[in-house]
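Inside the fold
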Amino acid sequence: MHIKSILISYLLTFVVFLMIDLLWLGIIAKNLYQKYLGEFLSDKVNWTAAFIFYFIYVAGISFFAIYPSVHKESVFNAILLGALFGLFTYATYDLTNLATLKGWPLPIVFIDILWGVSLSAIVSLSGFYIVKWIN
């Protein structure tokens, strides 16, 4: 696989991740997060930090889920590894917050982990087909 193909597939997967997550955060679950996390939320999003997270996260999904699944030529593997990546990463974030932040809401832990599993599985599946399409 050429570097150009890797970069194009990465950027397309990044766009998929960004669109789905912004739809979730900005529209679908906006009121839910406001209800449970209102006191934790900033008035302004730090877009620099957000985009650094997105770039790193999509690199992680690519490295740990998409490319191994393309190598195995397994759609099931893409979904499974993506879901597991989401479980491990979102559980790390939410359970750490639950352990260290006063008043971190338990419902958010479950909702956010489920979202991370779903989002990562969908993005991994999309990335799998993007890589196959690019090559």
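Values in this document were obtained by computation on a predicted structure and should not be read as measured data.

The subject of this paragraph is the overall build of the protein. Looking only at helices and strands, the protein has five helices and zero strands in total. Starting at the N terminus and ending at the C terminus, the protein contains elements arranged as α-α-α-α-α. The globule rule puts the C-alpha radius of gyration for 135 residues at 14 Å, and the 16 Å found for the protein is close to it. Out of the 135 residues in the protein, the part that is buried amounts to 39%. Taken as a whole, the protein presents about 8,300 Å² of accessible surface, with 72% of it coming from carbon and sulfur. Distance between charge centroids for the protein: 6 Å, based on 7 positive and 6 negative side chains.

For the rest of this paragraph, the subject is the packing of aromatic side chains. Per the counting criterion, the structure on display carries 20 aromatic pairs. Here the aromatic rings of Tyr 93 and Trp 104 are separated by 6.1 Å at their centres, their planes lie at 85°, and the arrangement is edge-to-face. Taken together, the residues Tyr 93 in helix H4 (residues 75–100) and Trp 104 in the loop between H4 and helix H5 (106–134) connect sequence positions 11 residues apart. Overall, Tyr 93 belongs to the partly exposed group, its relative accessible area being 45%.

Next up on the list: the UniProt feature "transmembrane region" (unreviewed entry) in the protein. When the UniProt feature table is mapped onto this chain numbering, "transmembrane region" (unreviewed entry) sits at residues 7–27, 47–67, 74–93 and 113–131. Annotated as 100% helix and 0% strand, the span residues 7–27 places its first and last C-alpha atoms 29 Å apart. In the segment residues 47–67, helix accounts for 100% and strand for 0%; the C-alpha atoms at its two ends are 28 Å apart.

So, about the environment of Gly 60. In this structure, Gly 60 sits in helix H3 (residues 47–72). Residue Gly 60 is classed as buried on the basis of its relative accessible area of 9%. Between the C-alpha atom of Gly 60 and that of Phe 85, which follows or precedes it by 25 residues, the distance is 8.1 Å. If we ignore the near neighbours within four places in the chain, the residues touching Gly 60 are Ala 65 and Phe 85.

Our focus in this paragraph is the layout of surface pockets. By volume, the largest pocket is sized at about 1,200 Å³. Taken together, 30 residues line the largest pocket, and the ones lying closest to its centre are Leu 25, Leu 41, Val 45, Tyr 54 and Tyr 93. Among the secondary structure elements, those contributing two or more residues to the lining of the largest pocket are helix H1 (3–28), helix H2 (30–37), H3, H4 and H5. At six residues, the largest contribution of residues to the lining of the largest pocket is made by H3. In terms of residue class, the lining of the largest pocket is made up of 19 nonpolar, five polar and six charged.

What counts and what doesn't
- Residues numbered from 1 in each chain as written.
- Predicted model: local features only at pLDDT ≥ 70, side-chain atom pairs only at ≥ 80, totals over all residues.
- Heavy atoms only, no water.
- Helix = DSSP H or I, 4+ residues; strand = E, 2+ residues; numbered from the N terminus.
- Rg over C-alpha atoms; globule rule 2.2 N^0.38 Å.
- Buried < 20%, exposed > 50% of the residue type's maximum accessible area, 1.4 Å probe, protein only.
- Areas by Shrake-Rupley, 256 points an atom, 1.4 Å probe, with all protein chains shown as cover.
- Lys, Arg positive; Asp, Glu negative; His and termini not counted.
- Charge placed at Lys NZ, Arg CZ, Asp CG, Glu CD.
- Phe/Tyr/Trp six-rings, centres within 6.5 Å; stacked < 30°, edge-to-face > 60°.
- UniProt positions renumbered as here; feature names shortened; annotations may be inferred.
- Contact = heavy atoms within 4.5 Å.
- 1 Å grid on protein atoms, 1.4 Å probe; cavity = no way out; pocket = protein on both sides within 12 Å on 5 of 7 lines; lining within 4 Å.
- Points joined across faces, edges and corners; volume = space filled by probe spheres on them.
- Nonpolar A, V, L, I, M, F, W, Y, C, P; charged D, E, K, R; others polar.

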